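Each chain is listed here by its residues.
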Amino acid sequence: MTALIIIGVIVLLVLWGIGIYNGIVKKRNNVDKEWRNVDVQLERRYALIPNLVETVKGYAKHESEVLQNITTYRSQAMNANSIAEKAEANNLLSSALSGLKIQLEAYPDLKANTTFLQLQEELASTENKISFSRQLYNQVVTDYNNKIQIFPNSIIAGMFKFTTKELFELSTSEARQAPKVSF
């Protein structure tokens, strides 16, 4: 009788451990999926930027430094390997794009150009999607990190070497600053 109770307790503990393990795997997979969603929006942004830059070049010849910065930050973002590197490069890119939008107020002909307006609308839509995707990604990362750090889940997470994931956050002082307005 005692042996059956011990076997029953062991079976319950094993089932409990399997449940925790499966829950952590689901959370980790959700993090990976949401990162891919962020990455899709970032790729969309990278594809739009060269068209926007080329359109602006024709009107704003003396804004070459701003356009060069955008091109440089885009390249850095596309070549970033870690989430932290990608976040930092994309934050710099966002800041540069915001600065460009403000500087372009001085070009009424450009603001009336339908190609530019379409590109600007696409970029604004993409920026909104990136923002939403980042928020969702950070939420699922937080859920996952909580799942593996809360006792008793932390025991199972440690046994199977689950590690915390990085949040996609603003990491540079330049990205946190409002763009400078100059005409």
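Reading guide: rules and limits
Residues numbered from 1 in each chain as written. Predicted model: local features only at pLDDT ≥ 70, side-chain atom pairs only at ≥ 80, totals over all residues. Heavy atoms only, no water. Patch = residues over 30% accessible without salt bridge, like charges linked within 9 Å, V, L, I, M, F, W, Y side chains within 5 Å. Areas by Shrake-Rupley, 256 points an atom, 1.4 Å probe, with all protein chains shown as cover. Salt bridge = Lys/Arg side-chain N within 4 Å of Asp/Glu carboxyl O. Helix = DSSP H or I, 4+ residues; strand = E, 2+ residues; numbered from the N terminus. Buried < 20%, exposed > 50% of the residue type's maximum accessible area, 1.4 Å probe, protein only. Polar contact = N/O pair within 3.5 Å; in protein donor to acceptor, adjacent residues only side chain to side chain. Phe/Tyr/Trp six-rings, centres within 6.5 Å; stacked < 30°, edge-to-face > 60°.

Draft legend 1. Representation of a nonpolar patch on the surface. Together, I6, I7, I10, V11, L12, V14, L15 and I18 give the surface a local cluster of nonpolar side chains, amounting to about 740 Å² of exposed area. Mapped onto the elements, I6 comes out in helix α1 (residues 2-59).

Draft legend 2. Molecular detail of the side chain of N90. Among the structural elements, N90 can be located in helix α3 (residues 83-103). Looking at N90, the relative accessible area reads 1%, which means it is buried. Only 2.9 Å separates the side chain of N90 from the backbone oxygen of K86, close enough to count as a polar contact.

Draft legend 3. Summary view of the packing of aromatic side chains. Evaluated as defined, the whole model comprises 4 aromatic pairs. Through successive ring pairs, a cluster of aromatic residues spans Y21, F160 and F162.

Draft legend 4. Layout of the pattern of salt bridges. This model, assessed by the stated rule, comprises 5 salt bridges. We note a salt bridge from D39 to K86, for which the minimum N-O separation is 3.2 Å. Residue D39 is found in helix α1, and its partner K86 is found in helix α3; the two are separated by 47 residues along the sequence.

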